[in-house]
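Chain by chain, the residues run as shown.
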Amino acid sequence: MTDTTLDMSLKGTMTKPKERSEFAHTIDGTVGKPFLDGKDTKFHCRGVNVFYNGTKQAIFDTSVDIGKNEVIAMIGPSGCGKSTFLRCLNRMNDTIDGCLVTGTINLDGEDIHAKAQDPVLLRARVGMVFQKPNPFPKSIYDNVAYGPRLHGLAANRAELDEIVESSLRKAGLFNEVKDRLQAPGTGLSGGQQQRLCIARTIAVSPEVILMDEPTSALDPIATATIEELIDELRQSFTICIVTHSMQQAARISQRTAYFHLGYLVEVNDTKTVFTNPQHQLTENYITGRFG
Amino acid sequence: MPMNTNQHTSHQYNAELEAARNKLMTMAGLVEAQVSNAIKALLERDSALGEKVAFSDYEINTLEVAIDEQCAEIIARRQPAASDLRLLITIIKVITDLERIGDEAEKVGRYAVEMSESATSGELHGSLRHLGEHVKAMLRDTLDALARMDIKQAMQVVDNDHQVDAEFDSISRQLFTRMLEDPRNIKDSLNVTWCARSLERIGDHCKNICEYVIYLVKGKDVRHTNLEKVRSEILGNN
């Protein structure tokens, strides 16, 4: 499905931003390399706007491609819209009253806003990991088995066992918990809980994993473990990560996107963003200048 | 994108970067004085000045070590990015070339002491003077470009380096002729060759520094690339 399936009445009226931010004059489209020219594109986003309560615009006309098997980091100051944009990618914003998303977001060429698209299935394809580890108040096993049961991915107990084990292994947690799979997930340490949440996410074999500051509540060792894991997961998944730590973005991502007051200012190879950013606002942010 | 070395949210960070830059410029000033004195000692057969140059090199070396340490500390503490990172990389690289320029000046100073006794021919003396003035001007332009982050001037220095190389070749030819004419000239001529060689090397180091300046401002590494292409890329969109 293509752009034509979009609700045209919305597209016509809403893509013009209602209120321009004070920095708008310095932001003239996204600089750098936001587009992948069709090669191995997972997400294809064009002219995405997000409004809260019909008046407050959180994201302005954002267009970007997200590639297969890449880690793309989204950085920017608080309130710049990076989390809002991330939540667009699996329609998590649908759950917020008064939130309106316009524009095109295609996953593997399919419009995620199409009427036929079931958001529950979409979220199985595009999983999410949050800032604070949020295991269900269930056993470790049941936390991971929850998604596969919901989606009927296992025909019998043996298959379910296998999914749980391989997910925990991929998340680098299996060896630490294999003797206490029936213990409550909430009894694990913070870093282990976060890896449990990642295991729960990958148990339903998603294609994309969205991570919203997954390590900001963790100590440096647990953070390093998760970062190592992200690099391994990249072999099988596309990963979009929102982070407040620029060093983390520099360490783990292949591409970096910089948001500023609702605008996508720059997207480029991470190396370029951190050595030679093209936009003054990106430069100011990553070098710690504001004024 | 204009370069600004201040305006960090952290004033302490500003101060640290500024301090490193100031030390770099102090070192540059010392090196310039050493080169200028070395050339003066050589041309005016001033053995006292030549000796002073030969013994002052340690100041430059000490500064090089101190700046290196300062940069390492900033990298460890601040994890600089973008222009700040390029500034530190540039400083670390520039001081290596400055230190080597200092070494060449020291050599010229030592030869000046040795050659103050003998009389070189007027023609050779004139050639050395010309080369010396040229290299001095080149170093001055280089340090100006560095202080002002002026890529136009930096580009010009990179462009002009081949003139110094040509002058060195011409002096070499004169010396061959002189040595062939009379073997008694060989010792003297070799000394002149070493001096000219040192001056020519200073020109090469100036060129390197200017390439780092271009990297600092533009984020493009222009070493070992085609000059014409660099010019259109660097100055074209300036």
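What counts, and at which threshold
- Each residue is numbered by its place in its chain's sequence as written, counting from 1.
- Lettering for chains starts from A, numbering for ligands starts from 1, and both go in the order in which the items are written.
- Thresholds applied to this predicted model are a pLDDT of at least 70 for local features of residues and 80 or more for the giving and counting of side-chain atom pairs; totals over whole chains, interfaces and linings are not thresholded and use all residues.
- The side-chain numbers reported here are obtained from all heavy atoms of the structure, hydrogens and water having been left aside.
- The secondary structure listing takes helices from DSSP runs of H or I that are at least 4 residues long and strands from runs of E that are at least 2 residues long, numbered from the N terminus.
- When we talk radius of gyration, it's over C-alpha atoms, and the globule rule is simply 2.2 Å times the number of residues to the 0.38.
- Each residue's exposure class comes from its accessible area (1.4 Å probe, protein chains only) as a fraction of the maximum for that residue type: buried when under 20%, exposed when over 50%, partly exposed otherwise.
- Here a pair means two rings of Phe, Tyr or Trp (six-membered ring of Trp) with centres within 6.5 Å. Their orientation is stacked below 30 degrees between planes, edge-to-face above 60, and tilted elsewhere.
- Ring-over charges, as used throughout, are those where CZ of Arg or NZ of Lys falls within 6 Å of the ring centre and within 35 degrees of the ring normal.
- Under the convention used throughout, the expected extent of a helix is 1.5 Å for every residue step, that is, one less than its residue count.
- It is the directions from the helix axis to the C-beta atoms whose arc is reported.
- The contact rule is simple, with two residues in contact once any of their heavy atoms fall within 4.5 Å.
- Each cavity reported here is a set of points on a 1 Å grid over the protein atoms alone in which a 1.4 Å probe fits but cannot get out, each pocket an open set with protein on both sides within 12 Å along at least five of seven lines, and each lining residue one with an atom within 4 Å of a point.
- Grid points are joined across faces, edges and corners, and a volume is the space filled by probe spheres set on the points.
- For this scheme, ten residues count as nonpolar: Ala, Val, Leu, Ile, Met, Phe, Trp, Tyr, Cys and Pro. Four count as charged, namely Asp, Glu, Lys and Arg, and the remainder, Gly too, count as polar.
- In this analysis an axis means a line fitted to C-alpha atoms, helices contributing only their contacting stretch, and an angle means the value between N-to-C directions, from 0 to 180 degrees.
- Any angle that falls under 35 degrees is termed roughly parallel, while one over 145 is termed roughly antiparallel, one within 65 to 115 roughly perpendicular, and all others oblique.

Some remarks on the overall build of chain A
Turning to step 1, where the next piece is worked out: Scanning chain A from N- to C-terminus turns up 11 helices and 11 strands.
Turning to step 2, where the next piece is worked out: Its C-alpha radius of gyration of 19 Å places chain A within 12% of the 19 Å reference for a compact globule of 291 residues.
Turning to step 3, where the next piece is worked out: Overall, chain A is about 60 × 45 × 35 Å in size when its C-alpha atoms are taken along their principal axes.
Turning to step 4, where the next piece is worked out: Out of the 291 residues belonging to chain A, those deemed buried represent 54%.

What about the packing of aromatic side chains?
All names here are of chain A.
Turning to step 1, where the next piece is worked out: Per the counting criterion, the structure on display carries four aromatic pairs over all chains.
Turning to step 2, where the next piece is worked out: Seen from their ring centres, F85 and F259 are 5.5 Å apart, and the 40° between their planes marks the pair as tilted. Of this pair, F85 sits in helix 2 (residues 82–88) while F259 sits in strand 10 (residues 255–260), and the two are 174 residues apart along the sequence.
Turning to step 3, where the next piece is worked out: Both rings, one in F136 and one in Y146, keep their centres 4.8 Å apart while their planes meet at 55°; by these two values the pair is tilted. In this pair, F136 is assigned in the loop between strand 7 (126–129) and helix 4 (140–150) and Y146 in helix 4, connecting sequence segments 10 residues apart.
Turning to step 4, where the next piece is worked out: The class of F136 is partly exposed, set by a relative accessible area of 27%.
Turning to step 5, where the next piece is worked out: Just above the ring of F136 sits the side chain of R200; from NZ or CZ to the centre is 4.2 Å.

What to know about helix 5 (residues 157–170) of chain A
Residues and elements named next belong to chain A.
Turning to step 1, where the next piece is worked out: With 14 residues, helix 5 extends 20 Å from end C-alpha to end C-alpha; this agrees with the ideal 20 Å at 1.5 Å per step.
Turning to step 2, where the next piece is worked out: Within helix 5, the full set of buried residues consists of L160, I163, V164, S167 and L168. The buried residues of helix 5 occupy an angular sector of 125° when the element is viewed end-on, so they sit on one face. Across helix 5 from its buried face, at more than 90 degrees, point the exposed residues A158 and E162.
Turning to step 3, where the next piece is worked out: Where helix 5 is buried, its residues contact helix 4, helix 6 (174–177) and helix 7 (190–202).

A short note on the layout of surface pockets
Residue and element names in this part refer to chain A.
Turning to step 1, where the next piece is worked out: Its volume calculated, the largest pocket comes out at about 470 Å³.
Turning to step 2, where the next piece is worked out: Lining of the largest pocket is provided by 19 residues; of these, R123, M128, F136, Y146 and R200 occupy positions nearest its centre.
Turning to step 3, where the next piece is worked out: Elements represented by at least two residues in the lining of the largest pocket include exactly helix 3 (119–125), strand 7, helix 4 and helix 7.
Turning to step 4, where the next piece is worked out: Looking at the lining of the largest pocket residue by residue, the class counts come to 11 nonpolar, six polar and two charged.

Quick word on the packing of helix 1 (residues 11–43) of chain B against helix 4 (residues 122–148) of chain B
Residue and element names in this part refer to chain B.
Turning to step 1, where the next piece is worked out: Interhelical geometry of helix 1 versus helix 4 gives an angle of 170° and a closest axis separation of 10 Å. As the angle between them shows, helix 1 and helix 4 are arranged roughly antiparallel. Along its contact with helix 1, which presents R21, L24, M25, A28, V31, E32, V35, S36, I39, L42 and L43, the element helix 4 presents H125, L128, R129, G132, K136, L139, R140, L143, L146 and A147.
Turning to step 2, where the next piece is worked out: When grouped by side-chain class, the residues that make up the contact of helix 1 with helix 4 number 13 nonpolar, three polar and five charged.

What is shown is where atoms sit, not what they do.
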